[in-house]
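Here is how the chains run, residue by residue.
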Number of protein chains: 2
Amino acid sequence: MAVPPSLKGLQAFEAAARTGSFAAAAEELSVSAAAVSQLIRTVEEQMGRKLFHRVNRRVVLTEAGVEMLPRLTMAFQEIGSVARQLGGDTFRPRLVVSVPPSMAMGWLSQRLAGFASSHGAVDVSLRGDDDPVPFDRELIDIRLSYGPHYREHPTEDIVQDAVYPVCAPGLADTIKPEGMASLPLIHTGWGPTGASFPSWHNWFEAAGIEPGRAAQRGLSANSSRAALDLAISGLGVALAQGIYCAEALEDGRLVRPLAQALELRQPYCLTIPERSARRDVVAAFRQWLIDECRRAVNSPALR
Amino acid sequence: MAVPPSLKGLQAFEAAARTGSFAAAAEELSVSAAAVSQLIRTVEEQMGRKLFHRVNRRVVLTEAGVEMLPRLTMAFQEIGSVARQLGGDTFRPRLVVSVPPSMAMGWLSQRLAGFASSHGAVDVSLRGDDDPVPFDRELIDIRLSYGPHYREHPTEDIVQDAVYPVCAPGLADTIKPEGMASLPLIHTGWGPTGASFPSWHNWFEAAGIEPGRAAQRGLSANSSRAALDLAISGLGVALAQGIYCAEALEDGRLVRPLAQALELRQPYCLTIPERSARRDVVAAFRQWLIDECRRAVNSPALR
DNA sequence: CGAATAGATAAGTTCAGCTTATCTAGATTG
DNA sequence: CAATCTAGATAAGCTGAACTTATCTATTCG
């Protein structure tokens, strides 16, 4: 590339390639067809490479052209979207929040209304993702995960949680400490990330109870959230993270039949890439999220 | 936005915001500082919104400015990357291939050399992702998954696979059909997607054998790949997909102690978004991948 | 307190990008 | 099959967005 191509030239190429016609591109860009033709010719000269085959009165993308089209389309769409947001008379900041799927489903989505009402005028996009999330390819502003991944971005420990046996109040009456073995246990199949989350087996070990066959038997759920729902429905005893079950314990939908808890091996961590760190919305959300997490984990119901 | 902002103006803003100084941006864009100052002023007028606070002889981003910066940086980086690729004297197409993690680790990465050598000059980026992959946010050219997700993109069934009990040759000698219950089974914990993959329990059912407690016991692995490695090491009998174990069966590292197979409920599927479909590299890779998959699944060793 | 620096502004220049007009050649149609 | 239409290429010239230089201001810094 002797000289970098002009942005307008690339834009004209993108429009022409996408619509399949110089005339349509000219219409879209509000210029004459001749202008599009010249811009594209100039880009081709600058790049030293044809982007269209001129076949009679049609144009067909060359291989190089067809390769570049999707990437340019995405880039110009993004720029257009930025311009539209910036030009709107009411400017709403956007915030992309990524959390583990089980947290996106229940816990956080319920609380999000609270943030929205106290910090109005923010478009929050909540994503449930497993680690690792692609900070380099996507503009994620803030990521909550279990354990510190992402050494390359500023990461802070938020709070240390534990898991607690929980069940519906009705079921609790029938339990004696030694009687665990006779109760239906709810097993949680943690996602790919959660290899180090404790299982019932670990809990029995910590409690000093011989699990026998009980630690194997029972229902199982493929997410923390689903396990909690099963427990609330009275189908068994789940081993739930404090952050998830605190609310249900407070309002009595769940009780703790046994006091023995088991610390998680890792704290919850918050990662904010440098590029997002100085945004006001991000700072506000960070503080709000930390407070919410600590409040839930330090709930009196978990003491 | 009375009038859409000029691309050059946005580019000047991006450079100035990123570098933190108009002078540095001017340097980067090879223009005078005055030019940058004017371009940015024009954008601000067009948008009806300040992007920088002018504080003495410094500039500081406004909230609107800081919000927009990362998105513009990404977009212009992408455009720059396209221009560089286009301007290089040797043009190498790029291909982004997404497959389930277990396939990215072993099976496909081994074979990829074969594609590279027969279709030279292609930059293949191989990603291991769980479904769903974000076609709308990232430029994925081709996705191989188990079962049809992605109704919104053209998807084709490739081949119907099955799972087979496999183990190391040495271990096989000790097995009798009824003796399964006495052998160490290797359980595979499929990822979040794989809820419908068959388990040993399903296999026993299909084989008409009473599993007893055997279907519960044994080692477990959290990916097909890991389970296969355990089986090759002689640590037990794994239930492996044909596509993964065909090669090891052919060269004798594994054997099938029992003939009973179990069809998967879904075929492997290939999804190619419309934007990528007409690219030559994508078409070539599609055909190659289909052939490789069918060849593996229809291996004589699996009959 | 100079000297240096970063940005704003004014005035003038230039060339990228635009228009209009004309040309070509396949497609369409009566 | 000629007449017409359409999509793009090209030429010539115009215009204004983008640029430069020069000057001004305010601040920082040695």
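Residues numbered from 1 in each chain as written. Chains lettered and ligands numbered in written order. Predicted model: local features only at pLDDT ≥ 70, side-chain atom pairs only at ≥ 80, totals over all residues. Heavy atoms only, no water.

## Some points on the relation of the copies chain B and chain A
Part 1: Of the transformation placing chain B onto chain A, the axial shift is 0.0 Å and the rotation is 180 degrees, giving an RMSD of 0.1 Å. Here the transformation between the copies is reduced to the relation of a two-fold axis. Closest to the rotation axis within chain B is the C-alpha of Ala75 of chain B, separated from it by 2.3 Å. (Least-squares fit on C-alpha atoms with pLDDT ≥ 70 in both.)

## Some details on helix 12 (residues 280-297) of chain A
Part 1: Over its 18 residues, helix 12 of chain A extends 26 Å from the first C-alpha to the last, a length consistent with the 26 Å expected when each residue adds 1.5 Å.
Part 2: Buried within helix 12 of chain A we find Val281, Val282, Phe285, Trp288, Leu289, Ile290, Glu292, Cys293, Ala296 and Val297 of chain A. (Helix = DSSP H or I, 4+ residues; strand = E, 2+ residues; numbered from the N terminus. Expected span 1.5 Å × (residues − 1). Buried < 20%, exposed > 50% of the residue type's maximum accessible area, 1.4 Å probe, protein only.)

## Thoughts on the protein's contact with DNA strand C
Part 1: Near DNA strand C you find 20 residues, and of these Ser32 and Gln38 of chain A together with Ser37, Arg54 and Arg57 of chain B are the closest.
Part 2: Each atom of DNA strand C within 4 Å of the protein belongs either to a base or to sugar and phosphate, the latter forming 66%.
Part 3: When residues of the surface near DNA strand C are traced back to their parent elements, those giving at least two are helix 3 (33-47) of chain A together with helix 2 (22-29) and helix 3 (33-47) of chain B.
Part 4: Of the residues belonging to the surface near DNA strand C, the class tally is 8 nonpolar, 7 polar and 5 charged. (Near = heavy atom within 4 Å. Nonpolar A, V, L, I, M, F, W, Y, C, P; charged D, E, K, R; others polar.)

## Comments concerning the protein's contact with DNA strand D
Part 1: Taken together, 20 residues form the shell around DNA strand D, and within it Ser37, Arg54 and Arg57 of chain A together with Ser32 and Asn56 of chain B come nearest.
Part 2: Taken together, the sugar and phosphate atoms account for 65% of what DNA strand D places within 4 Å of the protein.
Part 3: The backbone of Ala23 of chain A places a nitrogen or oxygen atom 2.9 Å from a phosphate oxygen of DNA strand D.
Part 4: Within the side chain of Gln38 of chain B, a nitrogen or oxygen atom sits 2.9 Å from a base oxygen of DNA strand D.
Part 5: Secondary-structure elements contributing two or more residues to the surface near DNA strand D are helix 2 (22-29) and helix 3 of chain A together with helix 3 of chain B. (Polar contact = N/O pair within 3.5 Å; in protein donor to acceptor, adjacent residues only side chain to side chain.)

## Looking at the packing of aromatic side chains
Part 1: One pass over the full model with this rule turns up 20 aromatic pairs over all chains.
Part 2: Pairing Phe115 of chain B with Trp288 of chain B gives two aromatic rings, centres 5.3 Å apart and planes at 55 degrees, and the pair type is tilted. Note that Phe115 of chain B is positioned in helix 6 (residues 107-119) and Trp288 of chain B in helix 12 (residues 280-297), a separation of 173 residues in sequence.
Part 3: A connected cluster of aromatic rings, assembled from ring pairs, spans Phe13, Phe22 and Phe52 of chain A. (Phe/Tyr/Trp six-rings, centres within 6.5 Å; stacked < 30°, edge-to-face > 60°.)

## What about the interface of chain B and chain A?
Part 1: Taken together, the contact between chain B and chain A spans 53 residues of the former and 53 residues of the latter.
Part 2: Carbon and sulfur atoms make up 65% of the surface buried where chain B meets chain A, a total of about 4,800 Å² over both sides.
Part 3: Of all residues in chain B, the largest losses of buried area upon contact with chain A belong to Leu7, Arg71 and Leu86 of chain B, amounting jointly to 16% of the total for that side.
Part 4: Where chain B touches chain A, the interface holds 6 salt bridges.
Part 5: For Arg279 of chain A, the salt bridge is made with Glu67 of chain B, and the minimal N-O distance between the two is 2.2 Å.
Part 6: Along the contact surface separating chain B from chain A lie 15 residue pairs in polar contact (both at pLDDT 80 or more). (Contact = heavy atoms within 4.5 Å. Buried area = accessible area lost by both parts, 1.4 Å probe. Salt bridge = Lys/Arg side-chain N within 4 Å of Asp/Glu carboxyl O.)

## Here we look at the sheet that holds strand 8 (residues 185-188) of chain A
All names here are of chain A.
Part 1: The strand order 9-8-10-7-11 describes an open sheet built from 5 strands, whose pairing is mixed. Looking at the sheet topology across the chains shown, the edges are occupied by strand 9 (219-221) and strand 11 (262-263).
Part 2: Examined bridge by bridge, strand 8 and strand 9 share 3 bridges and lie parallel to one another. Paired with His187 across the two strands is Ser220, which belongs to strand 9.
Part 3: Packing against the sheet, helix 10 (residues 242-250) makes contact with strand 7 (162-166) and strand 10 (237-241), and its axis sits at approximately 115 degrees to strand 10. (Pairing = 2+ DSSP bridges. Axes fitted to C-alpha atoms, helices over the stretch in contact; angles between N-to-C directions.)

## Comments concerning the layout of surface pockets
Part 1: Computed from the structure, the second largest pocket encloses a volume of approximately 1,400 Å³.
Part 2: Taken together, 47 residues form the lining of the second largest pocket, with Met74, Arg137 and Glu138 of chain A together with Met74 and Arg137 of chain B sitting closest to its centre.
Part 3: Secondary-structure elements contributing two or more residues to the lining of the second largest pocket are helix 4 (63-87), strand 3 (94-99), strand 4 (123-128) and helix 11 (274-277) of chain A together with helix 4 (63-87), strand 3 (94-99) and strand 4 (123-128) of chain B.
Part 4: Classifying every residue of the lining of the second largest pocket gives 16 nonpolar, 9 polar and 22 charged. (1 Å grid on protein atoms, 1.4 Å probe; cavity = no way out; pocket = protein on both sides within 12 Å on 5 of 7 lines; lining within 4 Å. Points joined across faces, edges and corners; volume = space filled by probe spheres on them.)

## Some thoughts on the sheet that holds strand 9 (residues 219-221) of chain B
All names here are of chain B.
Part 1: On the basis of which strands lie adjacent, the open sheet formed by 5 strands has the order 9-8-10-7-11 and mixed pairing. On the outer flanks of this sheet lie strand 9 and strand 11 (262-263), each paired with one strand and no other.
Part 2: Taken strand by strand, helix 9 (residues 224-232) contacts strand 7 (162-166), strand 8 (185-188), strand 9 and strand 10 (237-241), and its axis lies near 170 degrees from that of strand 8.

## Topic: the packing of helix 10 of chain A against helix 12 of chain A
All names here are of chain A.
Part 1: Packing of helix 10 against helix 12 brings their axes to within 8 Å, and their N-to-C directions diverge by 65 degrees. Regarding the angle of helix 10 to helix 12, the classification is roughly perpendicular. Along this stretch, helix 10 crosses helix 12, giving a crossing that reads as left-handed. Seen from helix 10, the contacting residues are Gly242, Ile243 and Ala246; seen from helix 12, they are Cys293, Ala296 and Val297.
Part 2: In terms of residue class, the contact of helix 10 with helix 12 is made up of 5 nonpolar, 1 polar and no charged. (Parallel < 35°, antiparallel > 145°, perpendicular 65-115°, else oblique. Left-handed = near helix turned anticlockwise from the far one by under 90°.)

## Some thoughts on the confidence of the model for chain A
Low pLDDT marks stretches whose predicted atomic positions should not be read closely.
Part 1: Taken as a whole, chain A shows an average pLDDT of 88; of its residues, 91% reach a score of 70 or greater.
Part 2: At the level of individual helices and strands, chain A shows its lowest average pLDDT in strand 9 of chain A, which scores 76, and its highest in helix 1 (residues 7-19) of chain A, which scores 97. (pLDDT = per-residue confidence, 0-100.)

## Examining the packing of helix 4 of chain A against helix 4 of chain B
Part 1: It is at 10 Å that the axes of helix 4 of chain A and helix 4 of chain B come closest, and there the two elements cross at 165 degrees. Regarding the angle of helix 4 of chain A to helix 4 of chain B, the classification is roughly antiparallel. For the crossing formed where helix 4 of chain A meets helix 4 of chain B, the hand is left-handed. Taken together, the residues of helix 4 of chain B that come into contact with helix 4 of chain A (itself represented by Ala64, Met68, Arg71, Leu72, Ala75, Phe76, Glu78, Ile79, Ser81, Val82, Gln85 and Leu86 of chain A) are Ala64, Met68, Arg71, Leu72, Ala75, Phe76, Glu78, Ile79, Ser81, Val82, Gln85 and Leu86 of chain B.
Part 2: Considered class by class, the residues forming the contact of helix 4 of chain A with helix 4 of chain B number 16 nonpolar, 4 polar and 4 charged.

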